[in-house]
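Commentary on secondary and tertiary structure
The chain contents come next:
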Amino acid sequence: MNAVDARDSRLVFVTLAAAAIAVIGMLVTFFVQAQIGRSVLLTALIALSFAASLTGAIGGLLLADRRRNVMWILALAISMTAMIALLATVVSSFVPD
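Notes on the structure follow. None of the values given here were measured: they were computed from a predicted structure.

1. Looking at helix α2 (residues 40–67)
Look at α2: 40 Å from first C-alpha to last across 28 residues, which is about the 40 Å you get at 1.5 Å a residue. Along α2, the positions that sit buried rather than exposed are L42, I46, S49, A52, S53, G56, A57, G59, G60, L63 and A64. The opening residue of α2, the one whose side-chain oxygen lies 3.4 Å from the backbone nitrogen of L41, is S39. A positive backbone phi angle near 55 degrees is found at R68, which sits one or two residues after α2.

Okay, here's the thing in structure tokens:
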């Protein structure tokens, strides 16, 4: 394995892990959305999920460019879907009852 492959393998791991964290955070937030604003742990999870989805999206774009493979756009799609769902969940919590 040369240095370029080793660098790309770390990017692959980070991209896949970030997309997985973003999806898990999205699902947890969806099921306990009533606690938004009251739980510090949930707020930290939402912030971590936002950062992970952004990392997954950037990693997907970099891998699609470096490897010339459209498959990595799926990581971008999953990460952005999680980000939009998190954003919608958080914004909907601001609506008065």
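This is not the end of the story, as more comes after the structure.
2. Quick notes on the packing of aromatic side chains
Per the stated rule, a full pass over the model turns up one aromatic pair. Between F30 and F31, the aromatic rings sit 5.2 Å apart at their centres with planes inclined by 75 degrees, giving edge-to-face as the arrangement. Classification of F30 as partly exposed rests on a relative accessible area of 48%. Note on F31: relative accessible area 64%, which makes it exposed.

3. What to know about the packing of α2 against helix α3 (residues 73–92)
α3 packs onto α2 with a crossing angle of 155 degrees between their chain directions and a minimal axis gap of 8 Å. Classified by the angle their axes make, α2 and α3 are roughly antiparallel. Considering the relative orientation of α2 and α3, their crossing is left-handed. Across the interface between the two elements, I46, S49, F50, S53, L54, G56, A57, G60, L61 and A64 of α2 pack against I73, A75, L76, S79, M80, M83, L86, L87 and V90 of α3. Here the residues of the contact of α2 with α3 are counted per class, giving 14 nonpolar, five polar and no charged.

4. A short note on the environment of A34
Residue position: A34 is located in the loop between α1 (3–31) and α2. Classification of A34 as exposed rests on a relative accessible area of 53%. Once the C-alpha coordinates of A34 and A22 are considered, the two residues, twelve residues apart in sequence, prove to be 19 Å apart.

5. Things to note about α3
Between its first and last C-alpha atoms α3 spans 28 Å; for 20 residues at 1.5 Å apiece the expected length is 28 Å, and the two agree. A75, L76, S79, A82, M83, L86, T89 and V90 are the residues of α3 that are buried. Buried residues of α3, viewed axially, fall in a sector of 165 degrees; they line one side. In α3, those exposed residues whose orientation departs by more than 90 degrees from the buried face are L74 and I84.

Calculation notes
Residues numbered from 1 in each chain as written. Predicted model: local features only at pLDDT ≥ 70, side-chain atom pairs only at ≥ 80, totals over all residues. Heavy atoms only, no water. Helix = DSSP H or I, 4+ residues; strand = E, 2+ residues; numbered from the N terminus. Expected span 1.5 Å × (residues − 1). Buried < 20%, exposed > 50% of the residue type's maximum accessible area, 1.4 Å probe, protein only. Polar contact = N/O pair within 3.5 Å; in protein donor to acceptor, adjacent residues only side chain to side chain. Phe/Tyr/Trp six-rings, centres within 6.5 Å; stacked < 30°, edge-to-face > 60°. Axes fitted to C-alpha atoms, helices over the stretch in contact; angles between N-to-C directions. Parallel < 35°, antiparallel > 145°, perpendicular 65-115°, else oblique. Left-handed = near helix turned anticlockwise from the far one by under 90°. Contact = heavy atoms within 4.5 Å. Nonpolar A, V, L, I, M, F, W, Y, C, P; charged D, E, K, R; others polar. Arc of directions from axis to C-beta.

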